[in-house]
Structure formats: structure tokens, C-alpha cells
Amino acid sequence: MKDDMSAYWSANVRLLTVCLVIWFLVSFVFGIFLVEPLNAIKLGGYKLGFWFAQQGSIYTFVILIFFYAWRMGQIDRKFDVHEQ
């Protein structure tokens, strides 16, 4: 039982780490640090750096929320801790 809980939390922390790394890349790296190089690329008439800072990060965050909920549901079912 203890090994199952340890594996469950390990999977949970791994998923959370992946989501946080993606969040960091999109919000800080693409939206702030790499904004100038990305602005050389146009997306729908807008500079890509501006798009990431204003729109892309929001879309990515919403996708991350749904991805986290879906993947956590799979992890919960795998370790039999899901809600009925």
C-alpha cells in the first residue's frame, strides 16, 4: 500500500512538474526573455513575441488546465483513488 501511494505521488509530482515547466517556458521564456527574436516572426499579422505575451500564454494555460485534469483522472484510475 505504501509503495502504491509513493508511486501515485511520484506520478502526480511528475505531471505537475511538466505542467509548470511548460507554463514557465510560455509565460517567461517566450513572453519575456525571447520576445525580441520571436517578434521577427509574424503570426496572423502580429509579431509572435507579442502574440505569446498577449494571447498564446492564455491559450496555453487553458489547454494546460484541461490536460492536467484529464491526465490526473487517468492517474487516479490507475492507482484506484478516483471518485465514483
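Scroll up to find the structure.
The sections below set out a description of the structure shown in this document. Keep in mind that this is a model prediction, so the values were computed, not measured.

## Let's talk about the environment of Leu64
(1) Moving on: Tracing the backbone shows Leu64 in helix H3 (residues 48-78).
(2) Moving on: Residue class for Leu64 comes out buried when judged on its relative accessible area of 12%.
(3) Moving on: Aside from chain neighbours lying at most four places away, what touches Leu64 is Cys19, Ile22 and Trp23.

## A few points about the packing of aromatic side chains
(1) Moving on: Counted according to the given criterion, the structure contains nine aromatic pairs.
(2) Moving on: A centroid spacing of 4.9 Å and a plane angle of 50° characterise the contact between Phe30 and Phe52, whose relative ring orientation is tilted. In this pair, Phe30 is assigned in helix H1 (residues 2-33) and Phe52 in helix H3, connecting sequence segments 22 residues apart.
(3) Moving on: Judged by relative accessible area, which is 15%, Phe52 ranks as buried.
(4) Moving on: Arranged with centres 6.0 Å apart and planes meeting at 45°, the rings of Phe67 and Trp70 form a pair that is tilted. A residue pair is termed a helical-turn pair when its members lie 3 or 4 positions apart in one helix, as Phe67 and Trp70 do in helix H3 at three residues.
(5) Moving on: Among the aromatic residues, those joined into a ring-pair cluster are Phe30, Trp51, Phe52 and Tyr59.

## A short note on the environment of Lys78
(1) Moving on: For Lys78, the location among the structural elements is in helix H3.
(2) Moving on: Note on Lys78: relative accessible area 69%, which makes it exposed.
(3) Moving on: Sequence spacing of Lys78 and Tyr8 is 70 residues, and the spatial spacing of their C-alpha atoms is 8.7 Å.

Thresholds applied
Residues numbered from 1 in each chain as written. Predicted model: local features only at pLDDT ≥ 70, side-chain atom pairs only at ≥ 80, totals over all residues. Heavy atoms only, no water. Helix = DSSP H or I, 4+ residues; strand = E, 2+ residues; numbered from the N terminus. Buried < 20%, exposed > 50% of the residue type's maximum accessible area, 1.4 Å probe, protein only. Contact = heavy atoms within 4.5 Å. Phe/Tyr/Trp six-rings, centres within 6.5 Å; stacked < 30°, edge-to-face > 60°.

Read these as layout, nothing more, since geometry by itself doesn't imply function.
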